Amino acid sequence: ALLNSILQESSNFEVKDNSTQETVVHIRKADAAFYLPQLTRVASQYITSYQVPQANDLNKIFLLVKLSWEGEEIPPLNLKTEQRHVAYYKHAARLLGLFEANGTMTAVGQQVAEASDEKRLSILAKCFEASYCGWAWILWSQAENLMGVNPETAAEFLRENCPSLSENTATRRSSTLRKWCEEFQNNYPHW
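Residues numbered from 1 in each chain as written. Predicted model: local features only at pLDDT ≥ 70, side-chain atom pairs only at ≥ 80, totals over all residues. Heavy atoms only, no water.

A. Quick peek at unusual backbone geometry. The backbone of S10 sits at a positive phi, close to 50°, despite the residue not being glycine. With respect to the element layout, S10 can be found in the loop between helix 1 (2-9) and strand 1 (13-16). The backbone phi angle of Q142 is positive, close to 55°, even though this residue is not glycine. Among the structural elements, Q142 can be located in the loop between helix 8 (132-140) and helix 9 (154-161). Relative accessible area serves as the criterion here: at 75%, Q142 is assigned to the exposed category. (Helix = DSSP H or I, 4+ residues; strand = E, 2+ residues; numbered from the N terminus. Buried < 20%, exposed > 50% of the residue type's maximum accessible area, 1.4 Å probe, protein only.)

This is the structure:
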């Protein structure tokens, strides 16, 4: 974001030591233009634990979207799960781009709410590909899209590309990725 800002504003960025007034860091527009593409490529390969979903049941995500679209409350009873799992499903829906960070439903979320069962899985397949986690997994797999990803590599991918996850957590979260990948591959849109 900092490098993008420097480029967009055609500005320089300096950090100075308060006590000596010596410039500690100096980034010019030319520096930002040079390093940004390289950093973007590297950054797209690694993810944080926040970017990894932990909501195995896609049908509960669909139900959450449908209830939200209809203006319904989303208590655990409606999702047939525990309260903390409701938060996991809301988080997963945000990661897929169905909701904004403030909870407002996006246009894609509205499309999913209105779509048929087959179509909504196709929409989510593309949403997952465009997510940080999905795209990093595709790059790690050296694939062109989700169809080239082996679902069985989920745990290995997380261990290598999400250093903030412990071994146990990576194993648990990989079950979500594996399940999602299998379901999305069975309903992948070929447009």
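B. Inspection of the packing of helix 6 (residues 107-114) against helix 7 (residues 117-130) at higher detail. Between helix 6 and helix 7, the shortest axis-to-axis distance is 8 Å and the interhelical angle comes to 155°. It follows from the interaxial angle that helix 6 and helix 7 lie roughly antiparallel. When the axes of helix 6 and helix 7 are compared, the crossing they make is left-handed. Judged by residue contacts, V108, Q111 and V112 of helix 6 engage R120, I123, L124 and C127 from helix 7. When grouped by side-chain class, the residues that make up the contact of helix 6 with helix 7 number five nonpolar, one polar and one charged. (Axes fitted to C-alpha atoms, helices over the stretch in contact; angles between N-to-C directions. Parallel < 35°, antiparallel > 145°, perpendicular 65-115°, else oblique. Left-handed = near helix turned anticlockwise from the far one by under 90°. Contact = heavy atoms within 4.5 Å. Nonpolar A, V, L, I, M, F, W, Y, C, P; charged D, E, K, R; others polar.)

C. Representation of the nonpolar core. Of all hydrophobic cores here, the largest spans 44 residues; its most connected members are I61, L98, L124, L158 and F184. Looking at this core, the elements that each hand over two or more residues are helix 3 (58-69), helix 5 (83-95), helix 7, helix 8, helix 9 and helix 10 (167-186). In this structure, L124 is in contact with L58, F62, L96, L98, V112 and F184, ignoring residues within four places of it in sequence. (Core = buried A, V, L, I, M, F, W, Y, C linked by side-chain atoms within 4.5 Å.)

D. Quick peek at helix 5. Here helix 5 contains 13 residues, and its C-alpha end-to-end distance of 19 Å stays within 8% of the 18 Å for a straight helix at 1.5 Å per residue. In this fold, the buried residues of helix 5 make contact with helix 3, helix 4 (76-79) and helix 10. Count one or two residues on from helix 5 and you reach G97, which has phi positive near 85°. (Expected span 1.5 Å × (residues − 1).)

E. Up close: the pairing of strand 2 (residues 23-27). Of the pairings in the sheet, the one linking strand 1 to strand 2 comprises four bridges and is antiparallel in character. Its bridge partner being in strand 2, F13 is matched across the sheet by I27. What sits between the antiparallel neighbours strand 1 and strand 2 is a turn of six residues, in which Q21 has the positive phi angle 60°. (Pairing = 2+ DSSP bridges.)

F. A look at the packing of aromatic side chains. Considering all chains together, one arrives at six aromatic pairs under this definition. Between F34 and Y35, the aromatic rings sit 4.8 Å apart at their centres with planes inclined by 85°, giving edge-to-face as the arrangement. A residue is classified by how much of its surface remains accessible, and Y35, at 43% relative accessible area, is partly exposed. Put simply, the rings of F128, W180 and F184 touch in pairs and so form one group of aromatic residues. (Phe/Tyr/Trp six-rings, centres within 6.5 Å; stacked < 30°, edge-to-face > 60°.)

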